[in-house]
Amino acid sequence: MSALATQTGAINLGQGFPDTDGPAAMLDRAVHAIRSGANQYPPGPGVMELRQAVSEHRAEHYALAYDPAGEVLVTVGATEAIAAAVLALCEPGDEVIAFEPYYDSYAASIALAQARLVGVTLRPVEGRFAFDPDELRAAVTSRTRMILVNSPHNPTGTVFTRAELTVIAELCQEHDLIAVTDEVYEHLTFDGAPHIPLATLPGMRERTVMISSAGKTFSVTGWKTGWVCAPAELVTAVQTVKQFLTFTASAPWQVAVAFGLRHEGEWIAALRASLQDKRDRLMDGLTAAGFEVFKPAGTYFVQTDIRPLGFTDGLEFTRRLPELAGVVAIPTQVFYDRPERGGHFVRFAFCKKDEVIDEAVARLKRLSV
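What counts and how
Residues numbered from 1 in each chain as written. Predicted model: local features only at pLDDT ≥ 70, side-chain atom pairs only at ≥ 80, totals over all residues. Heavy atoms only, no water. Pairing = 2+ DSSP bridges. Helix = DSSP H or I, 4+ residues; strand = E, 2+ residues; numbered from the N terminus. Contact = heavy atoms within 4.5 Å. Axes fitted to C-alpha atoms, helices over the stretch in contact; angles between N-to-C directions. 1 Å grid on protein atoms, 1.4 Å probe; cavity = no way out; pocket = protein on both sides within 12 Å on 5 of 7 lines; lining within 4 Å. Points joined across faces, edges and corners; volume = space filled by probe spheres on them. Nonpolar A, V, L, I, M, F, W, Y, C, P; charged D, E, K, R; others polar. Disulfide = S-S within 2.5 Å. Buried < 20%, exposed > 50% of the residue type's maximum accessible area, 1.4 Å probe, protein only. Salt bridge = Lys/Arg side-chain N within 4 Å of Asp/Glu carboxyl O.

Colleague: Please clarify how the sheet that holds strand 11 (residues 292-294) should be interpreted in this entry.
Modeller: What links the strands of a sheet is backbone hydrogen bonding, and the strands pair in either a parallel or an antiparallel sense. Spatially, four strands are ordered 11-12-15-14 in an open sheet, and the strand pairing comes out antiparallel. Two strands bound the open sheet, and with one partner strand each, they are strand 11 and strand 14 (330-331). With five bridges joining them, strand 12 (residues 301-305) and strand 15 (residues 345-349) adopt antiparallel strand pairing. Bridging across to strand 15, Phe301 finds its partner in Ala349. Across the face of the sheet, helix 10 (residues 265-289) comes into contact with strand 11, strand 12 and strand 15 while running at roughly 15 degrees to strand 12. In this fold helix 11 (residues 314-325) packs onto strand 14 and strand 15, with an angle of close to 40 degrees to the strand it touches most, strand 15.

Colleague: Explanation requested: empty space enclosed by the protein in the structure shown.
Modeller: To locate leftover empty space, one rolls a probe as large as a water molecule over the atoms. Taken as a whole and assessed by the stated rule, the structure comprises two cavities of 30 Å³ or more. Taken as a whole, the largest cavity encloses approximately 60 Å³ of empty space. Contributing to the lining of the largest cavity are Gly44, Gly46, Val74, Thr75, Val76, Lys224, Thr225, Lys242, Thr248, Ala249, Ser250 and Gln254. Residue composition of the lining of the largest cavity, grouped by class: three nonpolar, seven polar and two charged. Taken as a whole, the second largest cavity encloses approximately 40 Å³ of empty space. When contributions to the lining of the second largest cavity are tallied by element, the ones reaching two or more residues are strand 7 (144-150) and strand 8 (178-182). When its residues are assigned to classes, the lining of the second largest cavity shows five nonpolar, four polar and two charged.

Colleague: I would appreciate a short explanation of the state of the cysteines in the present structure.
Modeller: Among covalent bonds in proteins, the disulfide is the one between the sulfur atoms of two cysteines. Tallied over the entire structure, the rule returns zero disulfides. Cys172 takes part in no disulfide bond, and the closest cysteine sulfur, belonging to Cys90, lies 12 Å away. Cys172 sits in the buried class, given a relative accessible area of 0%. With no disulfide of its own, Cys229 has Cys172 as its nearest cysteine by sulfur position, at a separation of 18 Å.

Colleague: Would you mind going over the pattern of salt bridges with me for this structure?
Modeller: Side chains that differ in sign of charge can pair as their charged atoms come close. One pass over the structure, following the stated rule, counts 20 salt bridges. Glu164 is the partner of Arg128 in a salt bridge, and the nearest nitrogen-oxygen pair spans 3.0 Å. On the criterion of sequence distance, the pair formed by Arg128 in strand 6 (residues 128-130) and Glu164 in helix 7 (residues 162-175) is long-range, its members being 36 residues apart. What makes Glu164 buried here is its relative accessible area of 10%. A network of salt bridges, in which partner residues are shared, links Asp277, Lys278, Arg281, Asp354 and Asp358.

So this is what it looks like as structure tokens:
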């Protein structure tokens, strides 16, 4: 879809990357690190300065204590962390539950582990996407090894509530399951919606692999700097796989991200407020254009239903959208194992400059004529 935007001159509200840079002082730290010689292999587990900063961040925000010497691992973004965790902790034939629609790397990582993905579908309920607790319980079998939880959730924008997380936690403890949590949008929640890490629930720290990254928090998606926090035995397992994936990477970025975690809290708060405003601008425009719009509580994305516009196939619609309105979006069906369940949904990204969103909204008005 990004290639389609380039080919057609359409505004790209498809791929979720910002079009502005992160905090200047953090960027300067990366430049300084390069100029100061931090250009060779960092330690396999990651630069200690970053591991310490991640540990401090977990303690400050969530009252979770992780030892930076053995319970924090730096990865090449959250994508590598998820892949390494699944490969490390799943055997062929194991089952992994994930909430559908889901980020596309989940299915690939599970397939590489020769495990089986079991989808539990999120469906619109009172204006947000949610799962049926009974459906989740029914998905657990004797082969289930892991539940993969993404909250705030891409692509629906849902932020799981404490009640929803409690259902997941109870199942993990009842059936001795590992939880892998993708929390890359942890600081990008709106309207006061709290992000509650699953690891903070009773009995869950010892069985949760908690994953996040700098990309979304600091608008530096190209830095690909992520981390895992978990009990030492789980981190050791994940690092054993990571050793043969990338070994290590990005020493200057690691130093800069450590600075960001320690000093850029106000910048993150301003980003969150800005994104909430951008979300509202885009939602208003999408509603005026005729979409049914679901209000996201977090992430970069707005989910829409295209049926009020007379369309039922999101793939067909998004292929035609550059011609119809000069805008590119993502058909949500590509995030489903069973595309028919999401065929009428389309995802728009709002992590763009205000003038880009405003121009996209002006173009989308053509749909309502």
